[in-house]
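# Chain and residue survey
The primary structure of each chain is shown beneath.
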Amino acid sequence: MKNVITLLFVIVGFLSQAQHNIIPEPLSYLETNGFFSFSNSVNIRDQSKDNQVAKGLKVFENHLSKIGIKANHNEKDPSIIIRKNKSIPSEEGYTLDISENNIILEGKSFAGIYYGLQTLKQLLPSSNQKEPIQIKSCSIVDEPRFKWRGLMLDVSRHFFTVEEVKAYIDQMAAFKFNTFHWHLTDDNGWRVEIKALPKLTEIGAWRVERNGKFGASRPAPLAGEKATYGGFYTQEQIKDVVKYATARNITIIPEIDLPGHSMAALAAYPKLSTKKEPKFVSPGNKFAEWFGDGSFKMNIENTLNPSDEKVYDFIDKVYTEIAQLFPGKYIHMGGDECYKGYWEESEEVKAFMKMNKIKDAHELQSYFVKRVQKIINSKGKKMIGWDEIIEGGLAKGATVMSWQGMKGGIHAAKKGHEVVMSPTTFAYLDYMQGDATIENKIYASLSLEKTYEFEPIPEGVDEKLILGGQANIWTEEIPTLQFAFYMTYPRAMSISETLWSSKNKKNWDNFVTKAQAHFVRFDDQKINICKAVLDPIVEVYKEDDKLMCKLINNLPNAVIYFSTNNTYPVEFATKYTQPFEIPKGDFKLRTQTFQYGKAIGRQLIIDRTDLIKR
Ligand code: ACM
């Protein structure tokens, strides 16, 4: 009897795991008897009387048409019924009941219905199929864990067109992100039209074109060289993107990064710096010395002068127009990586500090941040900034985005500030996600597995102050939309599950199995994503003077084969079972993952010399 009960538990446990591939995992998914079968048309009745729902439904119907199902809107015998239900507790929550006869989608508001449609879309195939389309009957109740579920795209380091930004937003919406943080300005380009300050885009949006490693091997502009790379969004284009995002339940947070990261603004208006020298928009030539502990020295001034009233007039003009363009309640003021060396050298700044009894550069930054906060508040908006804004003290009401790990967020929350967690350790999507022999080498590594460990609420803080989390994609080394997708996915799927799904629903094996199914959906859409999670992870370590090699793959049912004797293909070599000593001699380690008897992912080929350097 005991054995039968154990077996039942195993079966129930198995059934409660993924019988679907929905990402992020819903709050509850209960499979019921039967299937809903689609013919080549489906009758849909939208009873929500909501214009936005009607627009969201159009997008959904485009997908139906892509997979060979025509949507009809006859009053009689609807198969898909969509309606509002005020009793659903969460503003973004929904229920989806799929039975043999019909599909009923209810949401408290447009947002919930929109997310129910995203779930339904994930239950459908992503391309036209020969077999009839059926969905397993089920009952889904769903709502998000966090209200801030963000992705940030940097359009300064590389420019992305309106159509590209919209394509990026489309993918975000499919995984129930609701916040698009648009990093619009930086040293490498000013990307938003400000009518009162036309030089920001006439000059600040353009730089000389350079390839090569950002901040290292790219040559500086030559004397008289024409700046030809760049672009900016007109105010009409910004309004169009805002409307597009709103139709997908996405709020845009515009970031105008101050007082550092301002080389493009200073190229246009050099008098706003302390040295007032003419500048150029940085093409990513070597601009700083980095000292390995996060500290650095800027070779070129890229900070606004906090002692100059004209700087605050400038900021006021910029934020006046930004506040009119973006209906969301936050404006992001940046505030990160502000190099203070030029302030400390400036006689003008020193005199200002003396007069205002400001004791050091950190206090001066705090003075600047508080002035900016007043300006932003005066436009009816709330200020958010990177965690450096807490240096030297922060005024009440400011929200902190914690990027230097979680500690800035913890400190800010303990002081009563609202926080969005966006730590490099779990959420920096510009970092490499696979083996350094095949990925584009950049600052650091961040695997899909590691992103899945992200927990935005640290112990000991008031969880009400943690609004949610966000992943960021900085584009120093990302020149195209397809490569931005490669760096964003699948890690953004993992972040979406952390931010939407309840903590006890997270399960790596379940997630990564669903993610593999989504790889096919991305392939169908011709979207380039990174499948490094399929590859082996190669670790080298020392044990009693022996150099050892460990091969890891974290997919369920994966096996790894390898060779260290220059033979291939590896499936005829050795099956990996335990760490091995790296043999001497001139060879390449070849290794690949297999699942259910099939090679998956990429074969890694690593020279012994590279291996022992690890
Ligand atoms: C940052 O990564 N500098 C916010």
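This report concerns the structure included in the present document. Residue numbers run consecutively from 1 along every chain, following the written order of its sequence. Only residues with pLDDT of at least 70 are given local features in this predicted model, and only at 80 or more are side-chain atom pairs given and counted; all residues enter the totals for whole chains, interfaces and linings. Computation of side-chain values covers all heavy atoms of the structure but excludes hydrogens and water.

## Let's talk about the pairing of strand β19 (residues 399-402)
A 1.4 Å probe rolled over the protein chains alone gives each residue an accessible area, and that area as a share of the maximum for its type sets the label: buried under 20%, exposed over 50%, partly exposed in between. Secondary structure elements follow DSSP: runs of H or I of four or more residues count as helices, runs of E of two or more count as strands, with numbering from the N terminus. Burial along β19 is two-sided: T399 and M401 and V400 and S402, pointing in opposite directions, are all buried. The rule for pairing is simple: two strands pair if DSSP sees at least two bridges between them. Both β19 and strand β20 (residues 419-421) contribute to a ladder of three bridges, which runs parallel. Bridged to M401 within β20 is V420. As a crossover connection, the stretch from β19 through helix α12 (residues 407-414) into β20 is right-handed. The handedness of a crossover follows from its direction of travel: if, with the strands pointing away from the viewer, the path from the first strand over the helix to the second runs clockwise, the crossover is right-handed.

## Some remarks on helix α17 (residues 508-524)
To estimate how far a helix should reach, multiply one less than its number of residues by 1.5 Å. Over its 17 residues, α17 extends 24 Å from the first C-alpha to the last, a length consistent with the 24 Å expected when each residue adds 1.5 Å. Where α17 is concerned, the buried positions are W508, N510, F511, V512, K514, A515, Q516, H518, F519, R521 and F522. We call two residues in contact when some of their heavy atoms are within 4.5 Å. Of the surrounding elements, those touching the buried residues of α17 are α2 (51-66), α3 (110-123), α4 (162-174), α14 (448-452), α16 (491-500) and β27 (588-595). Between the side-chain oxygen of the N-cap and the backbone nitrogen of D509 there are 3.1 Å, and the N-cap of α17 in question is N507. In the stretch just after α17, K526 is the one whose phi turns positive, near 60°. A 3.5 Å cut-off defines polar contacts: any pair of N or O atoms within that distance qualifies, except that in protein one atom must be a possible hydrogen donor and the other a possible acceptor, and neighbouring residues in sequence count only when both atoms are side-chain atoms.

## A short note on the pairing of strand β8 (residues 148-154)
The buried fraction of β8 is high, at seven of seven residues. Here β8 shows two buried faces, one formed by W148, G150, M152 and D154 and the other by R149, L151 and L153. Sheet topology places β8 next to strand β21 (residues 466-473); six bridges connect them, and they run parallel. Within β21, the residue paired with L151 across the bridge is A471. Direction of pairing for β8 relative to strand β9 (residues 179-183): parallel, over a ladder of five bridges. Note on β9: the bridge partner recorded for M152 is H181. Taken together, β8, α4 and β9 constitute a β-α-β crossover, and its handedness is right-handed.

## Considerations on the side chain of S90
Examined against the element boundaries, S90 turns out to sit in the loop between β4 (80-84) and β5 (94-98). Apart from residues no more than four positions distant in its own chain, S90 is found in contact with K108, E143 and P144.

## Details of the side chain of N43
Here N43 is to be found in strand β2 (residues 41-46). A polar atom in the side chain of N43 sits 2.6 Å from the backbone oxygen of K76. In this structure N43 touches N72, H73, N74, K76, D77, P78, S79 and I80, once residues within four positions along its chain are discounted.

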